[in-house]
Amino acid sequence: MTTLTETKTKKRGKGDLGFATRAIHAGQKPDPSTGAISPPIYQTTTYAQTAVGVNKGFTYSRTGNPTVAALEENLGILEKGVGGACYNSGLAAITALFSLLSSGDHAIIGTVVYGGTPRLANSIFSRFGIKFSYVDTSDAGAVKSEIRENTKLIFIETPANPTLKLSDIEALSEIKGEAKLVVDNTFYTPAIQIPIELGADIVMHSTTKYIEGHNTTIGGAIITRSKRELEELKFIQNAAGSILSPFNAWLTLRGLKTLDLRMKKHSENALAIAEYLESHPKVSKVLYPGLPSFPQAALARKQGNSLHGGMVSFELKGGVKAGLKFASSLSLISLAENLGAVETMVTHPATMTHAAMSRKSRLAAGITDGLIRVSVGLEDADDIITDLDQAIRKAAA
Ligand SMILES: Cc1ncc(COP(=O)(O)O)c(C=O)c1O
């Protein structure tokens with residue numbers, strides 16, 4: 001399938017198209033039979049063949065579907081890889097990634113990552129003889145000393161969920177040796193940070209979050225810089241059977257069309273909220289990579305563009321009790337597990353997203369009992385602040 005991006009490549013060179021243009025057009029062109037601008041939802045299980053082995057590139061929708069293929073191509077281009085593979089959740093994407101490993105292999109995972117990642121590693125993949133160790137990946141030296149002969153993967157999340165701690169992708173790419181460096185880019189998205197350009201081998205997304213962006217789908221993706229690895233991931237997708245549905249792929253493609261705009265507004269709102277929280281006498285700590293007080297503010301500027309995303313974490317004075325009262329006093333803002341959507345949502349990681357971690361590991365990772373994570377949405381910043389303000393007052397009463 002010749003895409004608009006490929007056509008333009010001949011005239012302008014792929015790199016000449018801006019991010020917003022690629023997000024809107026890559027992998028898609030008007031439907032040749034009708035001219036429809038929006039790519040059709042190919043809601044079909046199978047495809048008629050004119051003779052045995054003669055087909056139009058698709059045979060069965062577990063193996064490939066045109067709507068899903070358009071999304072995979074789009075994400076591959078946005079993340080500057082050779083292509084992508086989409087799955088029915090972010091965790092299914094990580095399952096496919098860990099399926100690249102064999103018994104006896106070793107993988108390093110950052111200490112601060114989404115709680116479901118170590119749960120998958122420890123409770124399922126470790127049963128098959130794969131060894132995992134957990135390292136503070138913000139310290140490249142610590143990662144280097146943990147690398148063994150059989151280390152095949154280094155999995156990091158940057159910014160990490162929920163402390164927003166950063167890991168230096170370039171520094172890790174220099175010490176990784178034969179291991180593949182994988183970046184979960186869910187929090188920043190390629191609108192802010194392109195890990196492959198910084199030396200990563202593989203990028204992973206929970207497309208459930210900013211990529212689709214509207215709280216309407218669960219999905220995941222892997223993008224790689226190696227053709228051979230992409231083939232292996234496609235083989236795993238077909239053999240293990242986790243695929244994204246055509247409808248969810250279509251919703252995700254639609255979400256991507258506004259990714260650039262959304263990430264700019266998420267970042268603008270989040271900075272306003274972080275500054276408000278930092279000046280509040282009842283708030284003891286605010287974590288946001290765009291604040292000058294953020295411990296890794298210089299790395300945040302080096303690794304991304306001028307945006308810092310929509311995630312802000314903070315701690316109220318009064319610990320867990322104040323945090324729980326705050327969470328139940330919100331009105332416009334929802335207390336919810338998800339992040340990265342147009343609606344502002346608040347999470348209490350210790351009892352929600354990171355409940356699968358032991359308290360000891362949580363505390364060691366900086367996920368304190370009173371930490372609150374805000375996924376700042378696209379409402380008017382003043383309205384978000386008004387709601388936060390009344391809930392903080394109730395929590396302090
Ligand atoms: C950073 C990150 N990675 C991966 C996941 C897992 O994705 P999903 O919920 O789509 O399976 C999440 C979910 O919250 C996440 O926040």
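Presented here is a report on the structure given in the accompanying data block. (Residues numbered from 1 in each chain as written. Predicted model: local features only at pLDDT ≥ 70, side-chain atom pairs only at ≥ 80, totals over all residues. Heavy atoms only, no water.)

Right, let's talk about the overall build of the protein chain for a bit. Looking only at helices and strands, the protein chain has 14 helices and 12 strands in total. By the compact-globule yardstick of 21 Å for 397 residues, the protein chain fits well, its C-alpha radius of gyration being 21 Å. Principal axes of the C-alpha set define a box for the protein chain whose edges measure 75 × 50 × 35 Å. Counting the 397 residues in the protein chain, one finds 55% classified as buried. Taking contacts inside the protein chain between residues at least 6 apart in sequence as the whole, the part at least 24 apart equals 72%. Split by element, the accessible area of the protein chain, about 16700 Å² in all, is 55% carbon and sulfur. A distance of 3 Å separates the average location of the 42 positive side-chain charges in the protein chain from that of its 37 negative side-chain charges. (Helix = DSSP H or I, 4+ residues; strand = E, 2+ residues; numbered from the N terminus. Rg over C-alpha atoms; globule rule 2.2 N^0.38 Å. Buried < 20%, exposed > 50% of the residue type's maximum accessible area, 1.4 Å probe, protein only. Contact = heavy atoms within 4.5 Å. Areas by Shrake-Rupley, 256 points an atom, 1.4 Å probe, with all protein chains shown as cover. Lys, Arg positive; Asp, Glu negative; His and termini not counted. Charge placed at Lys NZ, Arg CZ, Asp CG, Glu CD.)

Right, let's talk about the side chain of T208 for a bit. By the secondary structure assignment, T208 is in the loop between β6 (202-206) and β7 (220-224). By relative accessible area, which is 5% here, T208 ends up buried. Within the structure, the side chain of T208 is placed 3.0 Å from the backbone nitrogen of G219, a separation counted as a polar contact. Discounting residues that sit within four places of it in the chain, T208 has contacts with T217, I218, G219, N338 and L339. (Polar contact = N/O pair within 3.5 Å; in protein donor to acceptor, adjacent residues only side chain to side chain.)

What follows covers the packing of aromatic side chains. Under the definition given, this model contains 7 aromatic pairs. Ring centres of F247 and W250 lie 6.3 Å apart, and the angle between their planes is 10 degrees; on these two criteria the pair is classed as stacked. With F247 and W250 both in helix α9 (residues 246-256) and 3 residues apart, this pair spans about one turn of that helix. Residue F247 is classed as partly exposed on the basis of its relative accessible area, which comes to 41%. Through pairs of rings, three or more aromatic residues link up here, namely F98, F125, F128, F132 and F155. (Phe/Tyr/Trp six-rings, centres within 6.5 Å; stacked < 30°, edge-to-face > 60°.)

A few words on the sheet that holds strand β1 (residues 83-87). The 7 strands are arranged β1-β7-β6-β5-β4-β2-β3 in an open sheet whose pairing can be described as mixed. Both outer strands of the open sheet, β1 and β3 (131-135), are each paired with one neighbouring strand and no more. Taken pair by pair, the neighbouring strands of this sheet meet at an average axis angle of 20 degrees, ignoring direction. Pairing between β6 and β7: 5 bridges, direction antiparallel. Opposite M204, over in β7, you have I222 as the bridge partner. Contacts from helix α8 (residues 227-240) reach β1, β5 (180-184), β6 and β7, with the element oriented near 20 degrees to β1. (Pairing = 2+ DSSP bridges. Axes fitted to C-alpha atoms, helices over the stretch in contact; angles between N-to-C directions.)

What follows concerns the packing of helix α12 (residues 319-328) against helix α14 (residues 381-396). With their axes 8 Å apart at the nearest point, α12 and α14 run at an angle of 135 degrees to one another. Overall, the two elements α12 and α14 adopt an arrangement that is oblique. For the element pair α12 and α14, the recorded crossing hand is right-handed. Of the residues in α14, those touching α12 at A322, K325 and F326 are L388, A391, I392, K394 and A395. Across the contact of α12 with α14, the residue classes tally to 6 nonpolar, no polar and 2 charged. (Parallel < 35°, antiparallel > 145°, perpendicular 65-115°, else oblique. Left-handed = near helix turned anticlockwise from the far one by under 90°. Nonpolar A, V, L, I, M, F, W, Y, C, P; charged D, E, K, R; others polar.)

This part is about the site of the ligand. Every one of the 13 residues lining the ligand counts as a neighbour, but G90, D184, S206, T208 and K209 are closest to it. Within the side chain of D184, one N or O atom sits 2.7 Å away from a nitrogen atom of the ligand. Within the contact set of the ligand, an oxygen atom lies 2.9 Å away from a side-chain nitrogen or oxygen of K209. Protein coverage of the free-state accessible area of the ligand, which is 390 Å², stands at 93%. Tallied by class, residues from the shell around the ligand come to 3 nonpolar, 7 polar and 3 charged. (Near = heavy atom within 4 Å.)

Relative to the helices and strands, K227 is located in helix α8. For the pair formed by K227 and K325, sequence separation is 98 residues and the distance between their alpha carbons is 51 Å.

If you trace the 5 strands from one edge of the open sheet to the other, you get β8-β9-β12-β11-β10, paired in mixed fashion. The two strands at the open ends of the sheet, each matched to only one other strand, are β8 (283-287) and β10 (334-335). The pairing of strand β11 (residues 345-347) with strand β12 (residues 371-375) spans 3 bridges and is antiparallel. By the bridge assignment for β12, T347 is matched with R373. Contacts from α12 reach β9 (311-316), β10, β11 and β12, with the element oriented near 125 degrees to β9.

By themselves these figures say nothing about function.
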